[in-house]
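# An overview of the molecular structure
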Amino acid sequence: MKDIIRLSIILGFVCSVSAFSLSFVYQHTKPIIEQNREKELRESLSNVLPETKIDYNPITEGELFDALKANVALIALYKGSKDGKTVYAASVSVGGYQGAIRLLIGFDPAVPEVLGVRVLEQAETPGLGSRIEEEDFLNKLKGRLRPQGKYDTITGATISSSAVIGGIVRTMKAVLKARRKG
Amino acid sequence: MKEIFFVFFTAAVLNNFVLTNFLGICPFLGVSRKKGPALAMSGAVIFVMFIASIFTWMIYYFLLKRYGLEFLKIPAFILVIGTLVQLIETFMRRFAERMYDVFGIYLPLITTNCAILGVTLININREFTFHNSLVYSLGAGVGFGIAMIIMAGIREQLEYVDLPKALEGVPIALLIAGILSMAFQGFAGTVTLLK
Amino acid sequence: MNLKNFTKGLWTDLPVLRVLLGFCPTLAVTNKAANGLTMGLATTFVLLFSSSLISIFRRWIPSRIRIPIFIVVIASFVTIVDYTLAAYYREMHKVLGIYVPLIVVNCLILGRVEAFASKRPLGDSILDALGMGIGFTLVLVVLGSIRELFGFGTIFSHQILAKPYEPMVIMIVPPGALLSLGLLLGLMNLVSRRLEERR
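Moving on: the overall build of chain B. Helices and strands together make up the secondary structure of chain B, namely ten helices and zero strands. Of the regular secondary structure in chain B, the N- to C-terminal order runs α-α-α-α-α-α-α-α-α-α. Over its C-alpha atoms chain B spans a radius of gyration of 18 Å, differing by no more than 12% from the 16 Å that the globule rule assigns to 195 residues. Taken along the three principal axes of its C-alpha coordinates, chain B extends 60 × 50 × 30 Å. For chain B, the proportion of its 195 residues judged to be buried stands at 48%. In chain B, the proportion of contacts linking residues at least 24 apart, taken out of those at least 6 apart, comes to 79%.

Structural data, given as structure tokens:
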């Protein structure tokens, strides 16, 4: 019995030292990790909503939010103001070839038109599906909403690029729906 | 219902734990020479993955996160898994001797199996709900089993083949696993198409 | 301070290719040489500090609970590496993903600590850890370079093979990892056996 107590105390001591040191490291690195995340978010948002004053607090309610939530896998919605107009950026998740693709779509609901697209996360086939990150492809997705068939897919990456296009089309359709209501 | 199927299918086939994510490759190479042990090991893995997922998920959300101790995730999980395996082994030895005879020796090997820790970490990283975690871990285990059994079937046949000496043992197993992995890549895109 | 403790990690007991352990990270992060290097260095760090700490306290660690203690120590250093990478090398951290926490179950580390560091003085343990760690890193860098060269045409992101060369995507996807490692292992066996025969 005494043995077990002794062993437990030693183990407990080791665990405490470990927990203490880790806590120290965590306190130290957590702010930096948060900062990095903020920085990345800001970069992406500026990328899809150029020359815009962006509000970095995500929107969690409203017509647009509900419409998007209902039609696509919405992760977050942000608002910005450009030349007096209110524009938005939505980060959505679509199912790609090898897994989920996270897109950030900047749009102007008034027209409605796509202002910019950025791929935040993807795990597609390197060299093929991963080409959805290319500027050429993403730039062609800007502009007014067109029927899905009018968008060009990438040769050799049909499923990956179709997934991205599909995501954009569904998102913009949801935006249209919300606009009609409001 | 559909979501459950997709999570399971993704874990078991699409992103097969062994052939796509390389988790559990050590026991995979070690125990896949014959179908019997392969089946037994798979059973043990599925079982431990499932139970480990339950406990680690609960410990993370009800204990670690609640008190702001997320940084203790790694030590906590691995200790939980190790303890669980010990408990399971003791339990089996006392109350389920038959099961112990079949699965018993594989249990300690599983503790340091990247697959178990991998599943529990993925459950948290991808912010799965409790139900999804369970389905995911089952899928992962079953996927592991499928890969093991196919591998064992092939390796049993290898006994009758002339191999260059340099390739005998692990190298040829890796090459075959590579071909199997290629075959499994064929499933990519199924989920998108099904949706 | 036997220097042999260091050199054995570089050839006779070369991790992955001789001592058949540590496959998970080897296969998963070697699609680019830089990733392999980072993983190798991270693992070496954990191995070095865990071995040192355990070697220093080896006489105070009760045998019955040594495995949990080893695990707590190793897991702690792994957590430190994980958070450090997340804070200062964000891109690399994203690429290496869950394989950093999985260093904890890398049989190399637990195996080394159990078989060596817990029984030997600090000097020897440090040499052993360094040797194994650097050996492991070398393997990862070599495999990573091969896969990156044929899969992307680059090594450490420097373009080596240019346009007319069509990169073999298979080298950077999972099947390619398994095939490359299998062939490398086979080659290693061949080479070491030929060297043996010469003696």
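What follows is about the interface of chain C and chain B. Counting residues at the interface gives 30 residues for chain C, matched by 31 residues for chain B. Elements with a minimum of two residues in the side of chain C that touches chain B: α2 (23-29), α4 (66-88), α6 (107-117) and α8 (174-198) of chain C. Per element, the largest residue contribution to the side of chain C that touches chain B is eleven residues, and it comes from α8(C).

What follows covers α6(C). Those residues of α6(C) that fall on the buried side of the exposure criterion are Cys107(C), Leu108(C), Ile109(C), Arg112(C), Val113(C) and Ala117(C). Contacts made by the buried residues of α6(C) are with α2 (25-31) of chain B together with α3 (33-56), α4 and α7 (122-152) of chain C.

Our focus in this paragraph is the sheet that holds strand β3 (residues 85-95) of chain A. Backbone-to-backbone hydrogen bonds join strands into a sheet, with any given pair of strands oriented parallel or antiparallel. Residues and elements named next belong to chain A. With respect to topology, six strands assemble into an open sheet ordered β1-β2-β3-β4-β5-β6, the strand pairing being antiparallel. At either margin of the open sheet sits one strand with a lone partner, and together these are β1 (53-55) and β6 (143-144). Packed on one face of the sheet, helix α1 (residues 2-48) meets β1, β2 (73-82), β3, β4 (100-108) and β5 (113-121) and runs near 150° to β5.

All names here are of chain A. Within β3, eight of the eleven residues are buried, which leaves it mostly tucked inside the rest of the structure. Sheet topology note: the β2/β3 ladder contains nine bridges and is antiparallel. The residue of β3 that forms the bridge with Ser81 is Thr86. Connecting β2 to the next strand, β3, in antiparallel fashion are two residues, including Asp83 with a positive phi near 50°. One ladder, built from eight bridges, connects β3 with β4; its direction is antiparallel. Looking at the pairing, Ala89 lines up with Gly106 of β4.

What follows deals with the nonpolar core. Grouped burial of nonpolar side chains is what soluble globular proteins tend to show. Within the largest apolar cluster, 158 residues are counted, with the highest numbers of intra-cluster contacts made by Ile105(A), Val48(B), Leu117(B), Ile74(C) and Val104(C). It is α4(C) that contributes the most residues to this core, 13 residues altogether.

Residues and elements named next belong to chain C. Relative to the helices and strands, Arg120 is located in the loop between α6 and α7. Sequence separation of Arg120 and Ser51 is 69 residues, and the distance between their C-alpha atoms is 9.7 Å. Setting aside residues no more than four positions away along its own chain, Arg120 makes contact with Ser55 and Ser125.

So, on to the confidence of the model for chain B. All names here are of chain B. Residues of chain B with pLDDT of at least 70 account for 97%, and the chain-wide mean is 85. Within chain B, the element-level pLDDT minimum falls on helix α10 (residues 190-194), averaging 64, and the maximum on helix α8 (residues 130-158), averaging 91. Predicted complex, confidence summary: ipTM 0.84, pTM 0.83.

Turning to the packing of helix α9 (residues 170-185) of chain B against α8(C), a few remarks are in order. Relative orientation of the contacting elements α9(B) and α8(C) amounts to 165°, with a least axis distance of 7 Å. Relative to α8(C), α9(B) is oriented roughly antiparallel. As α9(B) runs across α8(C), the sense of the crossing is left-handed. Side by side, α9(B) and α8(C) meet where Val170(B), Pro171(B), Leu174(B), Leu175(B), Ala177(B), Gly178(B), Ser181(B), Met182(B) and Gln185(B) of the first sit next to Pro174(C), Pro175(C), Leu178(C), Leu179(C), Leu181(C), Gly182(C), Leu185(C), Gly186(C) and Asn189(C) of the second.

Rules used throughout
- Residues numbered from 1 in each chain as written.
- Chains lettered and ligands numbered in written order.
- Predicted model: local features only at pLDDT ≥ 70, side-chain atom pairs only at ≥ 80, totals over all residues.
- Helix = DSSP H or I, 4+ residues; strand = E, 2+ residues; numbered from the N terminus.
- Rg over C-alpha atoms; globule rule 2.2 N^0.38 Å.
- Buried ≥ 20, exposed ≤ 12 C-beta atoms within 10 Å, placed from the backbone.
- Contact = placed C-beta atoms within 7 Å.
- Pairing = 2+ DSSP bridges.
- Axes fitted to C-alpha atoms, helices over the stretch in contact; angles between N-to-C directions.
- Core = buried A, V, L, I, M, F, W, Y, C linked by C-beta atoms within 7 Å.
- pLDDT = per-residue confidence, 0-100.
- Parallel < 35°, antiparallel > 145°, perpendicular 65-115°, else oblique.
- Left-handed = near helix turned anticlockwise from the far one by under 90°.

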